[in-house]
Amino acid sequence: MKNRIKYFFLSLKIKKKFMLGMLLIILILSSCIGKLTFNASKELIKRNTIELTTELLNQYAENIYNKTEALRETAFQASKEFVKNNSLDNNMYIRDIEVLINRRLNDMVSQYRSSSNDYIEAVCVTGNDGYFYWGHKDNVNKYYIDNDYIRKTILLLKNQEESSFWMPTENNETIIFVSKMVSPDTLISHGYIILFINKDYFLTLDNKTSSISNDQIAIIKGNNEVLIKDDILGKEEILQDINSRMERIFSIEDNGVKYSAVSTKIQNKNWKVISIISEKKLLSNINHLRTIITLVCIVISMLALIIAYIIAGGVTKNIRLLEKNMQKVEDGNFNVRVKPSTYDEVGLLSLRFNYMMKKINELINTVYVERIKKQEAEFEVLKAQINPHFLYNTLGSVKWLSRMQGEKKIEDMVDSLIYILRVSIKGDKYITINDELIYINKYIDLQKIRFENRFRMVYNIDTDIMNCYVLQFILQPIVENAIYHGLEISKGNGIITINGFKKDESIILEVIDNGVGMTEEQYNKIISDDNTKYSGLNSIGIANVDKRIKMYFGTSNGITIKSELGKGTTVSITLPYIENRYDLED
């Protein structure tokens, strides 16, 4: 399975590999960026919500302080009225007193309900005699609670130095404020006034709207008594945890649910205002944000893929062009050229391909031309092979006829000519230096008879090169050129010297004459002009010999000419040192 996947990936086109790689990169980057963005946004929303909650709680704290002070002033003014009128201390019948006080309390509640203190639901007063008198809105006694409960509260107040006291009710909708009714003149206590206040009175910001609902806010006194609470703060362990916290912002957990809590203290009171928000509610809009981030990542990924597709298409276009033209080369078309669409690395590769094809064409043409020249040179050699079998058989007859008639000189001439013809008929490309020298001697014998021994030959050949192989017919054209154009035959003092020796890994053959010499222009023309031909045994020129040597043995070999007018000419031939016939290539 692993090998199949590897083979599948390796066999994919470059464009598909590029797109697959880009898809993986984009998915990874999009996932990482989306995750980081989501987490960062989540923390930002949470932090901003908590900061807003903190700011609102500060406003709530200030508002609660102001409203508690206002209620304290209201209770004080009502106390003054009752003390002033001695309503609780006159000697009327109890029933008449109760009716009178209740009427006043009801009027007081109605007055408060029609003013800014409309959150006062009921008023209760009690004198030192222990009687309770009630006043409430709509004359409904639903705010009436157990008098014993109030007595216990008043007893707690008596044991404290404070003149007022705040306490919750069981329904968590109303807060009770208990205050002593003290005569301002005598400072004598005449009883207590008790106000029942709707909790919304403390949880409403004047002329402002709040993003915190009332069920998210709690007010806790210093003794862990909750004046206004929600379901979470009603638990003792949660209250202890909150009071143990020194920081204003912290997290709590209840039944596996996490909550973020923000608290602030109320000025001049040992009270705390706390807002508790569940993490789920705090991040209620995060799912919407997650959807937006996901859509943005998808859009960005699609755009990135489109761009990647365009880039991949641009890159692989040059590759496809290159592949298409290489297929044409495989079919034998070496004249193809690629025109790249871009000039990036692949485009430059296409230009290199064009340059390579140009060089290959040049090389093919060069090899082809050299092959043609080689064939022409071999053809020239073949042409130089003087009429083979017919002449060879005829001259054989002449030789025997000359011997029968006692013509020794004619017999020697015919014998030399027969040898030359035999070598020509055999047609070996490579011969030993020894055989080449025998061939030269037979040729010289013929020339000496013709020119009546007006020149002589000198041979200085090292014996260790005699069996080395060279091209056939490399000395004869040079010797012939020396006889016909170098020596002054008429004077009869011509000398042609042939030297042969080994130098490093090469063989040096020299043909030296003491003839008339030549100018630099003349010998440069001889060595470079393929068309320079001579009459004689054959028409192979020196330039042709030089090109044959270079063609078969390389450009480091060949012919060099040194000449000086009136002093003669030296023709040097450089050849590789080859002893084994099998080291040669046909």
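First things first, this report covers the structure right here in the doc. (Residues numbered from 1 in each chain as written. Predicted model: local features only at pLDDT ≥ 70, side-chain atom pairs only at ≥ 80, totals over all residues. Heavy atoms only, no water.)

1. Quick look at the overall build of the protein
Basically, it comes down to this: Comment: elements are numbered from the N terminus, with helices defined as DSSP H or I runs of at least four residues and strands as E runs of at least two. A simple rule labels every residue: compare its accessible area, found with a 1.4 Å probe on the protein chains alone, to the largest value its type can have, and call it buried under 20%, exposed over 50%, or partly exposed in between. Should any heavy atoms of two residues lie within 4.5 Å, those residues are counted as being in contact. In this description, accessible areas are obtained by the Shrake-Rupley approach with a 1.4 Å probe, and a residue is regarded as covered only by the protein chains that are shown.
In terms of regular secondary structure, the protein is built from 14 helices and 17 strands. Scored against the burial criterion, the 586 residues of the protein give a buried share of 42%. Considering only intrachain contacts with a sequence separation of at least 6, the fraction spanning at least 24 residues in the protein is 63%. Per element, the accessible surface of the protein, about 34,200 Å² overall, is 54% carbon and sulfur.

2. With respect to the pattern of salt bridges
Put simply, the rule reads: A carboxyl oxygen of Asp or Glu within 4 Å of a side-chain nitrogen of Lys or Arg is what we treat as a salt bridge.
The full count for this structure, using the stated rule, is 4 salt bridges. Between Asp546 and Lys550 there is a salt bridge whose closest N-O contact spans 2.9 Å. With a gap of 4 residues between them, Asp546 and Lys550 both fall in helix H14 (residues 542-553), about one helical turn apart. In this structure Asp546 comes out as buried when scored by relative accessible area, which is 7%. The residue Lys567 makes a salt bridge to Glu564 at a minimum N-O spacing of 3.4 Å. We classify Lys567 as exposed; its relative accessible area is 60%.

3. Topic: the side chain of Thr68
Mapped onto the elements of the fold, Thr68 is located in helix H2 (residues 14-84). Since its relative accessible area comes to 0%, Thr68 is described here as buried. Residues within four places of Thr68 in sequence aside, it is in contact with Trp166, Phe202, Lys269 and Trp271.

4. Section: the packing of aromatic side chains
What counts here: Only Phe, Tyr and Trp rings take part, Trp by its six-membered ring, and two of them pair if their centres are within 6.5 Å. Stacked means planes under 30 degrees apart, edge-to-face means over 60, and tilted covers everything else. By definition here, charges over rings are those cases where NZ of Lys or CZ of Arg is within 6 Å of the ring centre and within 35 degrees of the ring normal.
Tallying each qualifying case throughout the model produces 5 aromatic pairs. Taking 4.4 Å as the distance between ring centres and 40° as the angle between the ring planes, the aromatic pair formed by Trp166 and Phe177 counts as tilted. Of this pair, Trp166 sits in strand S3 (residues 164-168) while Phe177 is found in strand S4 (residues 174-182), placing the two residues 11 residues apart along the sequence. According to the relative accessible area criterion, Trp166 is buried, its value standing at 5%. Within the aromatic cluster, the residues linked to one another by ring pairs are Trp166, Phe177 and Trp271. Positioned over the ring face of Tyr577 is Lys502, at 4.1 Å from the centre of the ring.

5. Some points on a positive patch on the surface
Worth spelling out the cut-off: Each patch is built from salt-bridge-free residues with over 30% relative accessible area, joining like charges within 9 Å and nonpolar side chains (Val, Leu, Ile, Met, Phe, Trp, Tyr) within 5 Å. When charges are tallied, Lys and Arg are placed among the positive residues and Asp and Glu among the negative ones, while His and the ends of the chain are skipped. The atoms used to mark charge sites are NZ of Lys, CZ of Arg, CG of Asp and CD of Glu.
Residues Lys35, Lys42, Lys258 and Arg290 make up a contiguous surface patch of positive charge. One can find Lys35 in helix H2. With a relative accessible area of 51%, Lys35 lands in the exposed category.

6. Re the pairing of strand S9 (residues 257-265)
Worth spelling out the cut-off: The rule for pairing is simple: two strands pair if DSSP sees at least two bridges between them.
As judged from the 6 bridges shared by strand S8 (residues 249-254) and S9, these two strands associate in the antiparallel manner. Following the sheet pairing, Phe250 is matched in S9 by Ala261. Here S8 folds back onto S9 in antiparallel fashion, the turn holding 2 residues, of which Asn255 has a positive phi close to 55°. Summarising the sheet, S9 and strand S10 (residues 272-278) pair through 7 bridges and their orientation is antiparallel. Looking at the pairing, Thr264 lines up with Val273 of S10.

7. Observations regarding H14
Since one α-helical turn is 3.6 residues long, residues separated by three or four positions face the same way. So the rule is basically this: Take the residue count of a helix, subtract one, and multiply by 1.5 Å to get its expected span.
For H14, spanning 12 residues, the distance from its first C-alpha to its last is 16 Å, which sits close to the expected 16 Å at 1.5 Å a residue. Counted residue by residue, H14 has 9 buried out of 12 residues, so it is predominantly covered. Phi turns positive one or two residues past the end of H14, at Gly554, with a value near 100°.

8. Points about a nonpolar patch on the surface
Judged by side-chain polarity, Leu20, Leu23, Leu24, Leu27 and Ile28 come together as a nonpolar surface patch covering roughly 420 Å² of accessible area. Relative accessible area serves as the criterion here: at 33%, Leu20 is assigned to the partly exposed category.

9. Notes on the packing of helix H11 (residues 433-451) against helix H12 (residues 476-486)
Where we set the bar: Axis definition: a line fitted to C-alpha atoms, limited for helices to the stretch in contact. Angles are taken between N-to-C directions and run from 0 to 180 degrees. Each angle gets one of four labels, with under 35 degrees taken as roughly parallel, over 145 as roughly antiparallel, 65 to 115 as roughly perpendicular, and the rest as oblique. Crossing handedness is defined as follows: a turn of the near helix away from the far one that is anticlockwise and smaller than a right angle gives a left-handed crossing, while the clockwise case is right-handed.
Look at H11 against H12: their axes get within 10 Å of each other, and the N-to-C directions meet at 20°. Between H11 and H12, the interaxial angle falls into the category roughly parallel. At the point where H11 passes H12, the crossing takes the right-handed sense. Where H11 abuts H12, its residues Glu436, Tyr439, Ile440, Tyr443, Ile444, Gln447, Arg450 and Phe451 lie against Gln476, Val479, Glu480, Ile483 and Tyr484.

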